[in-house]
Amino acid sequence: MTKLIRCTRGLAGIACPVIALFLATALTAAAQTSVITYHNDNYRTGWNSHETVLTPANVNASHFGLLATVPVDDQVDAQPLLVPNVNITAGSHQGLHNVVYVVTGNNTVYAIDANAGTILLSNHFGTPVTYPLGCNNNGPHVGITSTPVIDTSKNNLYLIAYTKGSGGSGPSYTLHALDLGGLTDKITPAVVSASHQLTDGTSFVFNATYQRQRPALLEANGNIYAGFGSFCDQSANLSRGWLLGWNAATLAPLVANKLFDTQATSPDSFFLSAIWMSGYGLAADDSGNIVFVTGNSDYSGTTYDGVTNIQESTIKVSSDLTTVVDLFTPSNQGFLDETDSDFGSGGAMVLPDQPGSIPHLAVAAGKDGNMYFMNEDDLGGYSTTGNDVLGTYQIGSCWCGQSYFVDPGDGLARVVSSGGNVADVWKLQTSPTPKLINVAHAPISTGQDGGFFTSVSSNGTASPIIWALARPTAQMPPSMLLYAFNPESGAKMA
């Protein structure tokens, strides 16, 4: 089975225009399993339980190694996606291929043969924006930086491109629905637009100049959803956190949208309450609600009220984007605002249904390193005196997101956190009260901001492997390290 890695980054942009493919080299390529959305599913577990080739026995220096490197035209911030047996209908490589889809900061999408590393097709969607607002926690070009989503039933790949304006016009975001076999638009692309009423009755209009589309796209409820934040907190008087949605069949925008700071004024004219999550994806629960985390707002630390401003919070929004269904805000949200210690630097993972009295669970962590373990049916609200959650665990500063799998030994769920420079494995105890118990500890080498991203492969629950990708430690050269860990001991396999 092909294992893909992507270039990623924390605060500083990393120029990494190459995709690497890895394979268990002593084995022939097996049937591929689709990876059509960020972190494998809408819960964002990062778990591929259909891995039949890679095992702890063959992931080692003798049997596992580099299969191919594929140069692309710019930095890759998004997770590559994989679809087997795609009929490529254009270009000189027509026919059936196992295809990796890769997008770049130059607004280019590639279809790459997963076995040979051949570029089958590419398409370019306009000139990207260079260092938007002077922000440098990205590559020099900001084009397509969020992970797309694929709908194999429609044969569509959905992505959002960020393009430079012409003739004096500002930049714009455009949602595309591309044919998997030809990488051309199947539906008229939708230019992103929105407006929302502020508390004084005025209308706040979406302006692509000041909004960053970083979180992975989500397809759920027949819709495509996207979150928006800021560029380096620049122009915080003009940038706010948005959640927008479109009908997947037509790309028509949903009637409602959510703006997470609707206050007309603030002490420092500093708004935000952004959705960025270091590129982690918006999640969806079994009821179709959208779950995510917001970042900081006014640095006075005084503007939170949980209604007109919902910063530093795990939030659950209804599928039609009309209603905030639930939220959890840490009791120290004022301090987080004052110190730019965004809760929203990390993503929220919804756990698959569990046995016991609290079947629906979620976890999220941010810059201050606290991972909050929540009842997804009652996230915890907000109190100045304490946090009404199931547990709080220190994992290290988190520009990161969690993963999940089920252990083959005891049949119990595991949560993998990756704050600081350590991947921790937590056993889920569901009775009498849900809690997380640390059972393994695996350090890696990483640089820049704390935290990194993990995924898990297994065959059913058998032969689990935790995969971790260390970020580069400098802008050039882009030194990348791929780790494989034994989830029982934390020992490195490769």
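Attention here is on the structure that accompanies the text. This structure is a prediction, so every number in the text was calculated from the model and none was measured.

1. Observations concerning the overall build of the chain
Thinking step 1. Counting its regular elements, the chain contains one helix and 35 strands.
Thinking step 2. A compact globule built from 494 residues would reach a C-alpha radius of gyration of about 23 Å, and the chain, at 21 Å, matches this within 12%.
Thinking step 3. By its C-alpha atoms, the chain is 65 × 60 × 40 Å across when sized along the principal axes.
Thinking step 4. Across the 494 residues in the chain, those meeting the buried criterion constitute 61%.
Thinking step 5. Here the contacts in the chain between residues at least 6 apart in sequence split such that 60% fall between residues at least 24 apart.
Thinking step 6. In the structure as shown, the chain presents an accessible area of about 16,500 Å², 52% of it carried by carbon and sulfur atoms.
Thinking step 7. Side-chain charges of the chain comprise 18 positive and 36 negative groups, with the mean position of each set lying 5 Å from the other.

2. Observations concerning the pattern of salt bridges
Oppositely charged side chains can pair when the atoms bearing their charge come close.
Thinking step 1. Considering all chains together, one arrives at seven salt bridges under this definition.
Thinking step 2. With a shortest N-O distance of 3.1 Å, Asp-342 and Lys-367 are connected by a salt bridge. Highlighted residues: Asp-342 in the loop between α1 (333-338) and β25 (348-350) and Lys-367 in the loop between β26 (361-365) and β27 (370-375), separated in sequence by 25 residues.
Thinking step 3. Among the salt bridges present, the one from Asp-410 reaches Arg-414, with a minimum N-O distance of 2.9 Å.
Thinking step 4. For Asp-410, a relative accessible area of 35% gives the class partly exposed.

3. Observations concerning the packing of aromatic side chains
Thinking step 1. Evaluation of the coordinates by the stated rule reveals 19 aromatic pairs.
Thinking step 2. Aromatic pair Phe-206 and Trp-242: ring centres 5.8 Å apart, planes at 65°, arrangement edge-to-face. Residue Phe-206 is found in the loop between β16 (203-205) and β17 (218-220), and its partner Trp-242 is found in strand β19 (residues 242-247); the two are separated by 36 residues along the sequence. Grouping residues by exposure puts Phe-206 and Trp-242 together as buried.
Thinking step 3. When the ring of Phe-260 is compared with that of Phe-292, the centres are 5.3 Å apart and the planes differ by 65°; the resulting orientation is edge-to-face. Of this pair, Phe-260 sits in the loop between β20 (258-259) and β21 (283-284) while Phe-292 is found in strand β22 (residues 290-293), placing the two residues 32 residues apart along the sequence. Like Phe-292, Phe-260 is buried.
Thinking step 4. Ring-pair connections join several aromatic residues into one group, and the members of that group are Tyr-162, Tyr-173, Phe-204, Phe-206, Phe-228, Phe-231 and Trp-242.

4. Let's talk about empty space enclosed by the protein
Thinking step 1. In the structure shown here, the tally under the stated rule is four cavities of 30 Å³ or more.
Thinking step 2. The wall of the second largest cavity is formed by Val-142, Gly-143, Ile-144, Thr-145, Ser-146, Ile-160, Ala-161, Tyr-162, Tyr-173, Arg-212 and Gln-213.
Thinking step 3. It is strand β12 (residues 156-163) that provides the largest number of residues to the lining of the second largest cavity, a total of three residues.

5. Section: the nonpolar core
Thinking step 1. One finds Leu-243, Leu-282, Phe-292 and Leu-436 to be the most contacted residues of the largest nonpolar core, which totals 71 residues.
Thinking step 2. A per-element tally of this core places β26 first, with five residues.
Thinking step 3. Contact partners of Leu-243, with chain neighbours within four places excluded, come to Ala-226, Asn-257, Lys-258, Phe-260, Ile-275, Leu-282, Ile-290, Phe-292, Val-317 and Leu-321.

6. With respect to the pairing of strand β13 (residues 172-179)
Thinking step 1. Here β13 lies mainly inside the structure; seven of its eight residues are buried.
Thinking step 2. As paired elements, β12 and β13 share eight bridges and run antiparallel to each other. Bridging across to β13, Leu-157 finds its partner in Leu-178.
Thinking step 3. Pairing between β13 and strand β14 (residues 190-191): two bridges, direction antiparallel. Considered in β14, the bridge of Thr-174 is made with Val-191.

7. Observations regarding the environment of Tyr-43
Thinking step 1. Along the chain, Tyr-43 turns up in the loop between β2 (18-24) and β3 (47-48).
Thinking step 2. The spatial distance from the C-alpha of Tyr-43 to the C-alpha of Asp-285 is 6.5 Å, given a sequence separation of 242 residues.
Thinking step 3. Of the polar contacts made by the side chain of Tyr-43, one reaches the side chain of Asp-286; its length is 2.4 Å.

8. With respect to unusual backbone geometry
Thinking step 1. Cis geometry is adopted by the peptide bond preceding Pro-432, which originates at Ser-431 and carries an omega value of 0°.
Thinking step 2. By the element assignment, Pro-432 lies in the loop between β31 (422-429) and β32 (435-443).
Thinking step 3. Even without a glycine there, the phi angle at Arg-44 is positive, about 75°.
Thinking step 4. Within the secondary structure, Arg-44 is located in the loop between β2 and β3.
Thinking step 5. For Arg-44, a relative accessible area of 0% gives the class buried.
Thinking step 6. Phi is positive for Leu-133, which is not a glycine, with a value near 55°.

9. Looking at the state of the cysteines
Thinking step 1. All chains considered together, the criterion is met by two disulfides.
Thinking step 2. The side chain of Cys-135 participates in a disulfide bridge whose partner is Cys-232; the two sulfur atoms lie 2.0 Å from each other. Residues Cys-135 and Cys-232 are joined through a disulfide that is right-handed, its torsion about the S-S bond being 70°. Here Cys-232 lies in the loop between β18 (223-228) and β19 and Cys-135 lies in the loop between β9 (129-130) and β10 (141-142), a separation of 97 residues in the sequence.
Thinking step 3. For Cys-135, a relative accessible area of 0% gives the class buried.
Thinking step 4. Taking the relative accessible area as the measure of exposure, Cys-232 reaches 28% and is therefore partly exposed.
Thinking step 5. The disulfide bridge from Cys-398 ends at Cys-400, spanning 1.8 Å between sulfur atoms. Between Cys-398 and Cys-400, the disulfide has an S-S torsion of -110° and is therefore left-handed.
Thinking step 6. Overall, Cys-398 belongs to the buried group, its relative accessible area being 0%.
Thinking step 7. Its relative accessible area of 0% is what places Cys-400 among the buried residues.

10. Quick look at the environment of Ser-341
Thinking step 1. Counting through the fold element by element, Ser-341 comes out in the loop between α1 and β25.
Thinking step 2. Counting along the chain gives 157 residues from Ser-341 to Thr-184, while the straight-line C-alpha distance between them is 41 Å.
Thinking step 3. A distance of 2.8 Å separates the side chain of Ser-341 from the side chain of Thr-339, its partner in a polar contact.

Criteria and cut-off values
- Residues numbered from 1 in each chain as written.
- Predicted model: local features only at pLDDT ≥ 70, side-chain atom pairs only at ≥ 80, totals over all residues.
- Heavy atoms only, no water.
- Helix = DSSP H or I, 4+ residues; strand = E, 2+ residues; numbered from the N terminus.
- Rg over C-alpha atoms; globule rule 2.2 N^0.38 Å.
- Buried < 20%, exposed > 50% of the residue type's maximum accessible area, 1.4 Å probe, protein only.
- Contact = heavy atoms within 4.5 Å.
- Areas by Shrake-Rupley, 256 points an atom, 1.4 Å probe, with all protein chains shown as cover.
- Lys, Arg positive; Asp, Glu negative; His and termini not counted.
- Charge placed at Lys NZ, Arg CZ, Asp CG, Glu CD.
- Salt bridge = Lys/Arg side-chain N within 4 Å of Asp/Glu carboxyl O.
- Phe/Tyr/Trp six-rings, centres within 6.5 Å; stacked < 30°, edge-to-face > 60°.
- 1 Å grid on protein atoms, 1.4 Å probe; cavity = no way out; pocket = protein on both sides within 12 Å on 5 of 7 lines; lining within 4 Å.
- Points joined across faces, edges and corners; volume = space filled by probe spheres on them.
- Core = buried A, V, L, I, M, F, W, Y, C linked by side-chain atoms within 4.5 Å.
- Pairing = 2+ DSSP bridges.
- Polar contact = N/O pair within 3.5 Å; in protein donor to acceptor, adjacent residues only side chain to side chain.
- Disulfide = S-S within 2.5 Å.

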